[in-house]
Amino acid sequence: GAADGYDSAASAGGPDTLQLYYNSGTSNMLNGVQVSTGYTLFPENLVSVDLIGRAGIYHNYSRGRVGEYLIGSGNDDSVYQRTFANSRNGVAFSTSLGAQASIPVTDYISFTLGYELIYVANVALAPGQYAGLVNSPLGGRHYNVRNGDSILMNGGNIGLRLTW
């Protein structure tokens, strides 16, 4: 329909259906230091298994964006949107624990196989950013990026180690 304003239930044309959507995105720039340590658990000739641990502290520059979309259908199918953006500095932390197995083929070549679990705290993640939208006492709406989220990641690796 024409963009003549949304109709209420009491209007002659009947009510319009309204849908409210949110779309958000974030980015984190982590700059800091990380400490790594390792321990050989099984130093065998056939296979060697190492445990690896890491911990880090970082300056996190978080940027976030939230879009609100009000979409009508019925007599008026207008789309009204507004986008909010914000950035914030903070401190992020990470820790990881992993295991790496090495199978020597020769004195200089080994196959490697590993797994690592990584935890990062105080970052901005997109799914919960709409909660950063706040109404001020005078009715204005503003957005503060939320950078207190955490993420748990894991993954494996396989490779070839060449030593000379």
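Residues numbered from 1 in each chain as written. Predicted model: local features only at pLDDT ≥ 70, side-chain atom pairs only at ≥ 80, totals over all residues. Heavy atoms only, no water.

**Considerations on the overall build of the protein chain**
Our working rule: Only DSSP runs of H or I covering at least 4 residues are called helices, and only runs of E covering at least 2 are called strands; the numbering of each starts at the N terminus. As a reference, a globule follows 2.2 Å times the number of residues to the power 0.38, and the radius of gyration itself is taken over C-alpha atoms. The contact rule is simple, with two residues in contact once any of their heavy atoms fall within 4.5 Å.
When helices and strands are tallied, the protein chain shows 0 helices and 7 strands. The secondary structure elements of the protein chain, listed N-terminal to C-terminal, are β-β-β-β-β-β-β. In terms of overall dimensions, the protein chain is more spread out than a globule: its C-alpha atoms have a radius of gyration of 26 Å, far above the 15 Å expected for 164 residues. Counting only C-alpha atoms, the protein chain reaches 85 × 30 × 25 Å along its principal axes. Within the protein chain, residue pairs in contact and separated by at least 24 positions form 69% of the contacts whose partners lie at least 6 positions apart.

**Remarks on the pairing of strand S4 (residues 109–123)**
Worth spelling out the cut-off: Here, any two strands with at least 2 DSSP bridges between them count as paired.
Inspection of the sheet shows strand S3 (residues 79–104) paired to S4 by 12 bridges, in the antiparallel sense. Looking at the pairing, Ser 96 lines up with Ile 118 of S4. Pairing of S4 with strand S7 (residues 149–162) involves 14 bridges; the strand directions are antiparallel. Each residue of the ladder has a partner; that of Gly 114, found in S7, is Asn 157.

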